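Spelled out from the first residue to the last, the chains are:
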Amino acid sequence: MDPVSAFDEPLKKLLGGATAKVMADHLDLHTVGDLLHHYPRRYEERGRLTALTDLPLDEHVTVVAQVADARIMMFNNGRGKRLEVTLTDGSGRLQLVFFGHGVHKPHKELLPGRRAMFAGKVSVFNRKMQLAHPTYQLLDADSIDGAEATEAVDAFAGRLLPIYPACKQLDSWRIAKAVDTVLPSAREAVDPLPPSLREGRGFTPLPEALLKVHRPQTKADIAQARDRLKWDEAFVLQVALARRRYADTQLPAVARRPGPGGLLDAFDAKLPFTLTEGQRKVSKEIFDDLATEHPMHRLLQGEVGSGKTMVALRAMLGVVDAGGQAAMLAPTEVLAQQHHRSITEMMGELAEGGMLGGAEQGTKVVLLTGSMGVAARRQALLDLVTGEAGIVIGTHALIEDKVQFHDLGLVVVDEQHRFGVEQRDALRSKENSQGEKRPPHLLVMTATPIPRTVAMTVFGDLETSVLDQLPAGRSPIASHVVPAKDKPHFLSRAWERVREEVESGHQAYVVCPRIGDDAEDEAAGRKAKKAPEDDGEKRPPLAVLEIAEQLTKGPLSGLRIEVLHGRMNPDDKDDVMRRFAAGQVDVLVATTVIEVGVNVPNATAMVIMDADRFGVSQLHQLRGRVGRGSAPGLCLLVSEAHEASPARARLSAVAATLDGFELSRIDLEQRREGDVLGQAQSGVRSSLRMLTVIDDEEVIAAAREEAVAVVAADPELEHLPELRIALDALLDKEREQYLDKG
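Keep in mind that what you see is a predicted model, and the values were worked out from it rather than measured.

A. View of the sheet that holds strand E18 (residues 561-564). Spatially, 6 strands are ordered E16-E21-E20-E17-E19-E18 in an open sheet, and the strand pairing comes out parallel. If you trace the sheet from one side to the other, it starts and ends with strand E16 (477-483) and E18, each paired once. Neighbour-to-neighbour, the strand axes of the sheet open up by a mean angle of 20 degrees, direction not taken into account. Where E16 lies against strand E21 (residues 633-639), 7 bridges are found, and the strand directions are parallel. Counted as the bridge partner of Ala478 is Leu634 from E21. Packed on one face of the sheet, helix H23 (residues 646-656) meets E16 and E21 and runs near 160 degrees to E16.

See below:
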């Protein structure tokens, strides 16, 4: 059989339609190759019991344990019955519960002393951990009859039991059986590592590594297999990124060196403060890049409020001094307008080039968004094509075909995770007014701090600069978790605190996960079905419109309350933000539209409702909106999540530190099954199965070095056909483009 086609074989052929459908729908596994790369999460030893004391709440788990006792309980005056089974592992206990007609079989089989594998979702009932209606497989030879007993003993006796990432519809052991069916195809695996690299590092051959990871005889087998498979993932990924970087270095670009006595010098001279050491260092890295004749590709990451916009603005002014234009892309209209306002304020008369009262060396700073009026839009487009406007700030509207620049020298992208590589390429391929294509330099800014290895993996085609120093005058932010369900009086106190802040002349944000209008109800219904199934999670997430109404009538009555969300008319949004910034609104109830870039120094308090529904970095971003002035900030994380749940642990971590880099590590460690690329490449299947970007720093760094060397020697991989096949399999063309979607 052709080696490529063995891995491309649809699972339906080998496993049957029903199993293949569950694997496709719930585990995103479609081919033999997908299943062979669906590695065990961990291994249980036949003779050892699973620790029941540290099971994660709300997660689907597989445990091996012993039945301590089992009893039938009656309820509803004898009309209903349930079977309660207690499992033990010597260190802790876990309750199983079966209801109705489902009690007969387990009642006969789960006798005290029996051993079995159990799979189900961990929940809490009466303050005890339990699995409701778990599936199970008996492991004792005498508890199964005949041929099945022999098979079970063969499969499990003295062996390491692979525990696979599973789902409610398909248990770990059923996945193991399916793997047995496709395992012979592992011998056909095409080895992507160049022979010199494989031999130099003493790696196990790939077919052997796949057999050992799924059916290890010893712990050494597992270690060997994992080392090899991690390397494959890291290496193939880094080769894709190295090829992209190599292709970028082959592009020509115009060097942009600002001359003395221009716009940048005039701007620096009127700054009312000195730049931080970090801002100076990062600015030097950027100006060095701008002076070269191939395009800069740099990622500028910095804490919320570390002054990234100032660094980006100085780079834009330098490019204008050198005769080019600079464009800043923002993810939303609200943010584009905010940037336009703050940049024109920072520049003063320097932003009024060609206007009465404008500075002699000034330039025009124009705004371009989708919702602008026809006349204003026409004027902005004209200013761009003539070169009258040195700086343009806008949304995706900037990338449209109709938008033509006189000489675009620098593109600044704010909040990279909202922009795809397709948009970057669209800007890159724009012609200037002379009909030439000259790729601009590129600076990408993100306020989500990213650990070094993640930056190497997710943004592997960008050089990285880090701003980790906060400018003087930023105030500390106190953060607290408010357990609304366990302690309702804490929530009442939260609203009192908001009122106190307003009474002392400050303003507050209240953030909700949902808008709460008709267009959203259907989507919310779908999401609620997927929510973790404990009592607090059955309701849909709290909504802006409902909470605003409750606060107006209840705890915050008498205060000036307004709402802000993404589906409002752009003019209305801008009007609300303007009035909030001007202090005419006390409390802004909003969705995450305020997550980035909104700068209101007088806002000191933020209450985040259903905070457990947000990710760690998103909470950190939101919190960065308060404490931007001289008064200290307060952030209250309201949650109904159970005290022992991973969600609450996440919130406590956010409350405990203001260090974004520390939080991003915590975020990654807590994602368990998911991996960074899976999160980063929305809509694109992640290629990482074995590698964890947070733990495998050395592997990633070494793989990157090897990848750079391989690509430098053979950019098209002409002499490495197996590596080309692996690249195509892991990263078909579309996915390679997505790699740095970030």
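B. Up close: the environment of Ala494. Its place among the elements puts Ala494 in helix H18 (residues 488-503). In this structure, the C-alpha to C-alpha distance between Ala494 and Val482, residues 12 residues apart in sequence, is 7.9 Å.

C. Local environment of the nonpolar core. The biggest cluster of nonpolar side chains holds 39 residues, and the ones touching the most others in it are Met316, Met347, Ile391 and Leu410. The biggest single contributor to this core is helix H13 (residues 308-321), with 9 residues. The contacts of Leu410, once residues within four sequence positions are left out, are Leu290, Met296, Ala315, Met316, Val319, Gln325, Ala326, Ala327, Pro440, His441, Leu442 and Leu443. Counting residues in hydrophobic clusters, the runner-up holds 33 residues, among them Leu35, Leu206, Ala209 and Met690.

D. Expanded view of the packing of aromatic side chains. Per the stated rule, a full pass over the model turns up 6 aromatic pairs. Put simply, the rings of Phe98, Phe118 and Tyr136 pair up and form one aromatic cluster.

E. The arrangement of the packing of helix H22 (residues 616-623) against H23 in detail. Direction vectors running N to C along H22 and H23 enclose 35 degrees, while the axes themselves pass 10 Å from each other. Between H22 and H23 lies a crossing whose hand is right-handed. Where H22 approaches H23, its residues Val616, Leu619 and Arg623 are matched on the opposing element by Arg650, Leu651, Val654 and Ala655. Counted by class, the contact of H22 with H23 contains 5 nonpolar, no polar and 2 charged residues.

F. Summary view of the environment of Val236. Locating Val236 in the fold gives a position in helix H10 (residues 219-249). A residue is classified by how much of its surface remains accessible, and Val236, at 1% relative accessible area, is buried. Along the chain, Val236 and Asp728 lie 492 residues apart, while their C-alpha atoms are 9.9 Å from each other.

G. Geometry of the sheet that holds strand E10 (residues 325-329). Spatially, 7 strands are ordered E11-E12-E10-E13-E14-E9-E15 in an open sheet, and the strand pairing comes out parallel. Edge strands, defined here as strands with exactly one partner in the open sheet, are strand E11 (364-368) and strand E15 (463-467). This sheet shows a mean twist of 20 degrees between the axes of neighbouring strands, independent of strand direction. Bridge count for E10 against strand E13 (residues 408-414) is 5 bridges, and the pairing is parallel. Paired with Ala327 across the bridge in E13 is Val411. Contacts between helix H14 (residues 333-347) and the sheet are confined to E10, E11, strand E12 (389-394) and E13, with E11 contributing the most and set at about 170 degrees to the helix.

H. Broad picture of the pairing of E11. Within E11, 5 of the 5 residues are buried, which leaves it mostly tucked inside the rest of the structure. With burial as the criterion, each face of E11 is covered, one bearing Lys364, Val366 and Leu368 and the other bearing Val365 and Leu367. Two strands pair when backbone bridges link them, and E11 and E12 are joined in this way by 5 bridges, in the parallel orientation. Directly across from Leu368, in E12, lies its bridge partner Gly394.

I. Here's a closer look at the packing of H13 against H14. For the pair H13 and H14, interaxial distance at closest approach is 12 Å and the crossing angle is 70 degrees. Judged on the interaxial angle alone, H14 and H13 are roughly perpendicular. Helix-helix and strand crossings are classified by hand; for H13 and H14 the assignment is right-handed. Contact with H13, carried on its side by Thr309, Met310, Leu313, Met316 and Leu317, involves His339, Ile343, Met346 and Met347 of H14 and no other residues of that element. In the contact of H13 with H14, the residues fall into 7 nonpolar, 2 polar and no charged.

J. Spotlight on the environment of Ala603. One can find Ala603 in strand E20 (residues 603-608). On a C-alpha basis, the gap between Ala603 and Tyr509 in space is 7.4 Å, while along the polypeptide they are 94 residues apart. Not counting the four nearest positions on each side in its chain, Ala603 is found in contact with Gln507, Tyr509, Phe580, Arg625, Val626 and Gly627.

K. Highlighting the pairing of E10. Among the 5 residues of E10, 5 are classified as buried, and the element is accordingly described as predominantly covered. Residues Gln325, Ala327 and Leu329 point to one face of E10 and Ala326 and Met328 to the other, with burial holding for every one of them. Both E10 and E12 contribute to a ladder of 4 bridges, which runs parallel. Paired with Ala327 across the bridge in E12 is Val392.

L. Main features of the confidence of the model for the protein chain. Averaged over every residue, the pLDDT of the protein chain is 81; the share at 70 or more is 81%. Put simply, helix H25 (residues 676-680) is where the protein chain has its lowest mean pLDDT, 40, and strand E17 (residues 507-511) is where it has its highest, 95. Every residue in residues 526-537 is under pLDDT 50, and counting partners more than four places away or in other chains gives 15 contacts. For the stretch residues 672-686, pLDDT sits under 50, and the model shows 35 contacts to residues farther than four places along the chain or on other chains.

M. The arrangement of unusual backbone geometry in detail. Unusually for a residue other than glycine, His133 sits at a positive phi of about 50 degrees. Residue placement: His133 occurs in the loop between strand E6 (128-132) and strand E7 (135-138). Residue Leu717 is not a glycine yet carries a positive backbone phi of 55 degrees. Mapping Leu717 onto the fold places it in the loop between helix H26 (697-713) and helix H27 (721-730).

N. Main features of H14. Between the first and last C-alpha of H14 there are 21 Å, a value that for 15 residues agrees with the 21 Å anticipated at 1.5 Å per step. Positioned one or two residues after H14, Gly348 has a phi angle of 60 degrees, which is positive.

O. The arrangement of the pattern of salt bridges in detail. If you walk through the whole model with that rule in mind, you get 35 salt bridges. The closest approach of N and O atoms between Lys13 and Glu9, which form a salt bridge, is 3.1 Å. What makes Glu9 buried here is its relative accessible area of 17%. Its salt-bridge partner being Glu562, residue Arg579 comes within 3.0 Å of it at the nearest N-O pair. Taken as a pair, Arg579 in helix H21 (residues 570-581) and Glu562 in strand E18 lie far apart in primary sequence, 17 residues in all. Looking at Glu562, the relative accessible area reads 25%, which means it is partly exposed. Connected through salt bridges with shared partners, the residues Arg493, Glu496, Arg497, Glu500 and Glu501 form a single ionic network.

P. Molecular detail of the side chain of Ser185. Tracing the sequence through the fold places Ser185 in the loop between helix H7 (172-182) and helix H8 (195-200). A relative accessible area of 16% places Ser185 in the buried class.

Q. Main features of H10. Along its 31 residues, H10 runs 45 Å from first to last C-alpha, staying within 8% of the 45 Å computed at 1.5 Å per residue. Burial within H10 is extensive, with 22 of its 31 residues counted as buried.

Parameters and conventions
- Residues numbered from 1 in each chain as written.
- Predicted model: local features only at pLDDT ≥ 70, side-chain atom pairs only at ≥ 80, totals over all residues.
- Heavy atoms only, no water.
- Pairing = 2+ DSSP bridges.
- Helix = DSSP H or I, 4+ residues; strand = E, 2+ residues; numbered from the N terminus.
- Axes fitted to C-alpha atoms, helices over the stretch in contact; angles between N-to-C directions.
- Contact = heavy atoms within 4.5 Å.
- Core = buried A, V, L, I, M, F, W, Y, C linked by side-chain atoms within 4.5 Å.
- Buried < 20%, exposed > 50% of the residue type's maximum accessible area, 1.4 Å probe, protein only.
- Phe/Tyr/Trp six-rings, centres within 6.5 Å; stacked < 30°, edge-to-face > 60°.
- Left-handed = near helix turned anticlockwise from the far one by under 90°.
- Nonpolar A, V, L, I, M, F, W, Y, C, P; charged D, E, K, R; others polar.
- Parallel < 35°, antiparallel > 145°, perpendicular 65-115°, else oblique.
- pLDDT = per-residue confidence, 0-100.
- Expected span 1.5 Å × (residues − 1).
- Salt bridge = Lys/Arg side-chain N within 4 Å of Asp/Glu carboxyl O.

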